[in-house]
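Geometric and topological summary
Here is what each chain is made of, one letter per residue.
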Amino acid sequence: MAWTWRFEKADGTETAPAVEPEEFPTQGDAESWIGEVWKELSEGGADRVTLFEDGTEIYGMSLHADAES
């Protein structure tokens, strides 16, 4: 299994991340990584991220601390 993130602008279009991600072996590893770099990603132009497990969407969330998912 591979866990990956997709990075999006506010309008839902995909954008290149400011910090290059990897494929993660577990959901916890993917979530820990996003917890460490979310601010850099946000400052780099990403507004939202979506987590995928082997291509299946698990959930999405905002990178803005004051926004709701």
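Just above sits the structure.
Residues numbered from 1 in each chain as written. Predicted model: local features only at pLDDT ≥ 70, side-chain atom pairs only at ≥ 80, totals over all residues. Heavy atoms only, no water.

**What to know about the overall build of the protein chain**
Heads up, the rule is: Only DSSP runs of H or I reaching four residues or more are called helices, and only runs of E reaching two or more are called strands; each is numbered from the N terminus. A 1.4 Å probe rolled over the protein chains alone gives each residue an accessible area, and that area as a share of the maximum for its type sets the label: buried under 20%, exposed over 50%, partly exposed in between.
Secondary structure summary: the protein chain contains one helix and three strands in total. Secondary structure of the protein chain in N-to-C order comes out as β-α-β-β. If one aligns the C-alpha atoms of the protein chain with their principal axes, the spans along those axes are about 30 × 20 × 20 Å. Looking at the protein chain residue by residue over its 69 residues, the buried ones come to 33%.

**Points about the pattern of salt bridges**
The criterion, for reference: Think of a salt bridge as a Lys or Arg side-chain nitrogen and an Asp or Glu carboxyl oxygen that are within 4 Å of each other.
Taken as a whole and judged by the stated rule, the model has one salt bridge. For E8, the salt bridge goes to R6, with nearest N and O atoms at 2.6 Å. Judged by relative accessible area, E8 falls into the buried class, the value being 6%. Since its relative accessible area comes to 26%, R6 is described here as partly exposed.

**Thoughts on helix α1 (residues 27-43)**
The following threshold applies: To estimate how far a helix should reach, multiply one less than its number of residues by 1.5 Å. Note that the bend at a residue is defined as the angle between axes fitted to the seven residues ending at it and the seven residues starting at it.
Here α1 contains 17 residues, and its C-alpha end-to-end distance of 24 Å stays within 8% of the 24 Å for a straight helix at 1.5 Å per residue. The sharpest bend along α1 measures roughly 60° and falls at V37. After α1 finishes, the residue G45 shows a positive phi value of roughly 115°.

**Focus on the sheet that holds strand β2 (residues 48-53)**
Condition: Any two strands with at least two DSSP bridges between them are considered paired. To get an axis, a line is fitted to the C-alpha atoms, and for a helix only the part in contact is used. The angle between two axes follows their N-to-C directions and goes from 0 to 180 degrees. Only heavy atoms enter the contact rule, under which two residues are in contact if any of them lie within 4.5 Å.
The antiparallel open sheet is built from three strands, whose spatial order is β1-β2-β3. Edge positions in the sheet fall to β1 (3-8) and β3 (56-62), since each has one partner strand and no second. Each adjacent strand pair in this sheet contributes to an overall mean axis angle of 25°, direction not counted. Bridge analysis of β2 against β3 gives six bridges, and the strand direction is antiparallel. Bridged to E53 within β3 is T56. Where α1 meets the sheet, its contacts fall on β1, β2 and β3, and the angle it forms with β1 comes to roughly 25°.

**Description of the nonpolar core**
Defined as follows: Here, nonpolar core means buried Ala, Val, Leu, Ile, Met, Phe, Trp, Tyr and Cys residues that are tied together by side-chain atoms lying within 4.5 Å of each other.
Within the largest apolar cluster, 14 residues are counted, with the highest numbers of intra-cluster contacts made by W5, F7, W33, I34 and L41. Of all elements in the fold, only β1, α1 and β2 reach the threshold of two or more residues within this core. Top element by residues in this core is α1. It accounts for five residues. Beyond its immediate sequence surroundings of up to four residues, W5 is in contact with F24, A30, E31, W33, I34, V49, T50, L51, Y59 and M61.

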